[in-house]
Every structure is written in C-alpha cells, then in structure tokens.
Amino acid sequence: MNVAMILAGGKGVRTNQDIPKQFLNINDKPIIVYTMQAFQNHPEIDGILAVCIDGWQEILKAYASQFNITKLKWVTAGGANGQESIHNGLLELEKHCEASDLVLIHDGIRPNVSQEIISNCIAECRLHGSAVTVIPCAEAMLLRNESGGSSSTLIDRDSLARTQTPQAFPLQKLLWAHEEAQKRGIDNSTATCTLMVELGMEVFFCPGSEKNIKITTTEDLEIFKALLMAKKDDWLK
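Everything quoted here is computed from the prediction, not taken from an experiment.

Conventions adopted
- Sequence positions are assigned chain by chain, starting from 1 and proceeding in written order.
- Only residues with pLDDT of at least 70 get local features here, since the model is predicted, and only at 80 or more are side-chain atom pairs given and counted; chain-wide, interface and lining totals rely on the full set of residues.
- Only hydrogens and water are set aside when side-chain values are computed; all heavy atoms of the structure are taken into account.
- For the purposes of this entry, the term helix denotes a DSSP run of H or I that reaches at least four residues, the term strand denotes a run of E that reaches at least two, and both are numbered from the N terminus.
- For the radius of gyration, the atom set is restricted to C-alpha positions; the globular benchmark scales as 2.2 Å times the number of residues to the power 0.38.
- A simple rule labels every residue: compare its accessible area, found with a 1.4 Å probe on the protein chains alone, to the largest value its type can have, and call it buried under 20%, exposed over 50%, or partly exposed in between.
- Whether two residues touch is decided by their heavy atoms; if any such pair falls within 4.5 Å, the residues are in contact.
- Here, Shrake-Rupley sampling with a 1.4 Å probe gives the accessible areas, and only protein chains in the shown set may cover a residue.
- In this charge count, Lys and Arg are treated as positive and Asp and Glu as negative; neither His nor the chain ends contribute.
- The atoms used to mark charge sites are NZ of Lys, CZ of Arg, CG of Asp and CD of Glu.
- Whenever a pair of cysteine sulfur atoms sits within 2.5 Å, that pair is classed as a disulfide.
- Only strands that DSSP links by at least two bridges are regarded as paired with each other.
- For helices, the fitted axis covers only the stretch in contact; all axes are lines through C-alpha atoms, and the angles between them, taken along N-to-C directions, range from 0 to 180 degrees.

Enquirer: Mind showing me how you'd approach the overall build of the protein here?
Expert: Helix and strand counts for the protein come out as seven helices and nine strands. Here the protein has a C-alpha radius of gyration of 18 Å; the compact-globule value for 237 residues is 18 Å, and the two agree. A total of 237 residues make up the protein; the buried ones form 48% of that total. Sequence separation of at least 24 residues holds for 73% of the intrachain contacts in the protein that already meet a minimum separation of 6. In the form shown here, the protein has an accessible surface area of approximately 12200 Å², with 50% of it arising from carbon and sulfur atoms. The centroid of the 22 positive side-chain charges in the protein is displaced by 4 Å from the centroid of its 29 negative side-chain charges.

Printed below as a string of structure tokens:
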C-alpha cells in the first residue's frame with residue numbers, strides 16, 4: 001500500500017494571514033484541497049493521512065467531504081515542530097498499515113505537485129528504499145561569513161540538490177528513524193531527508209520541478225495563482 005502523509009500543521013505566520021496558510025482560499029478552494037486532490041487523483045495512492053493543526057481537524061474533514069477526497073482515511077494532530085508532527089502521523093499509520101507500506105511525506109502547502117512527481121517518487125522508493133524529490137541548484141552559491149553579511153567562499157552548485165516533497169520511505173524505516181532520533185536527542189530536524197542523513201543513512205533522489213512550489217510567503221501565493229492561470233490557458237488551447 002502507498003500512503004500519502006500530508007503535513008498541514010503549520011500556522012503560516014510568514015503570509016501575514018489570520019488563518020493557517022494551508023486553509024487560505026485560492027479561486028474558491030483551500031490550498032490544502034489542491035494538495036489532497038493531487039494524491040486523490042493518483043492511481044497508485046491508496047490512502048491519505050493528514051497531520052493537521054489543532055482546531056482545524058473537523059474543518060479539514062468537511063473540506064474533504066465537500067471536494068470528494070475519498071482517500072482521506074485518517075486525520076491526526078500536529079506537534080510542536082515538523083519532526084514531531086511526522087512522528088504523530090507515523091504512530092497513527094502504525095495502527096493501520098504494514099511495515100513494508102510506502103509513506104510519501106508531503107507538505108500541505110505544496111499544492112502544485114504533479115502526477116509525474118508522485119509516480120517517480122513511488123518508483124524510486126520501490127527501487128532503492130528511499131526517494132527524496134529534488135531539483136538542481138541553478139544559482140551561484142556563496143557561503144556566508146560569520147557576520148552573515150558577506151562571503152569569500154564559493155560552493156559548487158553542481159554538488160548541491162534543493163529538496164522538495166514528497167519524500168518516500170517504507171513505514172518501518174521511518175518508525176526506526178524517529179525512535180533512533182529520540183535515543184540520540186535529535187528533536188528538530190528540518191525534514192525527513194535531513195533526519196535520515198543525520199542518522200547516517202543514504203537517501204536517493206527523484207526529479208522534482210520548479211513548479212512544485214512551497215507556499216510560505218505572499219509572493220508564493222501570487223506565483224501559485226499564476227500557475228493556476230497558466231493551466232487554464234493550456235486547457236483553452
């Protein structure tokens with residue numbers, strides 16, 4: 001079984017809105033619904049678990065009903081940070097899934113994830129036991145000096161990968177990683193891929209897209225709206 005774990009636990013302070021950014025409406029549809037629909041529509045996804053900010057769980061379920069997200073099977077509360085939220089979701093999945101089932105962890109505020117990205121993530125994880133969606137680094141990269149306001153060191157951009165989601169691993173490996181992290185005192189790793197690397201694991205890459213944006217600022221909202229309009233234009237042609 002392939003399960004999508006959608007992280008919808010953030011408060012969205014950088015968008016300067018009164019409600020969490022994943023629940024902002026774009027063209028009469030919440031961002032989180034766009035995200036869920038991407039996995040709902042993928043034939044290889046068997047179920048969806050949403051890790052949701054406290055107080056919004058019933059609203060999320062209502063949206064799922066309204067927009068016919070029938071694959072949403074479980075909703076659990078988020079934690080104090082991303083790592084804790086993922087752990088909460090894993091403990092819920094442990095009750096319902098097999099150890100070998102694949103879990104695709106995805107940001108609720110990446111609503112423009114394509115069917116191809118999801119397919120590639122599943123295929124890579126089946127092949128190598130892990131899959132981290134990445135894109136190349138196109139910009140020149142400089143290492144900040146201690147002051148933070150200058151640099152004298154160039155980083156080879158060809159050696160870098162910019163990570164996105166989804167990131168897929170077998171449930172058993174994810175449960176092990178979070179248990180091991182607790183033993184080692186790792187409690188706020190940035191993402192699942194960074195946690196795996198901190199634990200000494202090798203992770204394998206699958207291709208992402210510049211269009212697979214993460215909505216964290218008002219500028220990102222504007223970009224997402226433009227992408228939606230571009231899709232409409234393609235359809236009109």
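Enquirer: How should I be thinking about unusual backbone geometry in this particular structure?
Expert: Working note: non-glycine residues mostly have negative phi, and peptide bonds are mostly trans. The amide bond that connects T165 to the next residue, P166, takes the cis arrangement and shows omega of 15°. Take P166: it is sitting in strand β8 (residues 161-170). The residue D28 is not glycine, and still its phi comes out positive at about 65°. Tracing the backbone through its elements, the reader meets D28 in the loop between β1 (2-8) and α1 (31-40).

Enquirer: What is the right way to read the state of the cysteines from this model?
Expert: Note on terminology: disulfide describes a covalent bond linking the sulfur atoms of two cysteines. Within this structure, the stated rule accounts for zero disulfides. Cysteine C125 shares no disulfide, and the gap to the nearest cysteine sulfur, in C121, comes to 6.7 Å. C206 carries a free sulfur, and the closest cysteine sulfur to it, the one in C121, is 4.2 Å from it. Since its relative accessible area comes to 3%, C206 is described here as buried.

Enquirer: Explain the side chain of S130 to me, please; I cannot follow it from the model alone.
Expert: Residue position: S130 is located in the loop between α4 (115-128) and β5 (131-136). With residues near it in sequence (within four places) discarded, S130 still touches E124, C125, A168, F169, E202, V203 and F204.

Enquirer: I'm lost on the sheet that holds β1 in this one. Help?
Expert: In a beta sheet, neighbouring strands pair by backbone hydrogen bonds and run either parallel or antiparallel. With mixed pairing, the seven strands of this open sheet are ordered in space as β3-β2-β1-β4-β8-β5-β9. In this open sheet, the two edge strands, each paired with only one partner strand, are β3 (72-77) and β9 (205-207). Neighbour-to-neighbour, the strand axes of this sheet turn through a mean angle of 30°, independent of strand direction. Pairing geometry for β5 and β8, over five bridges, is antiparallel. What sits directly across from V134, in β8, is T163.

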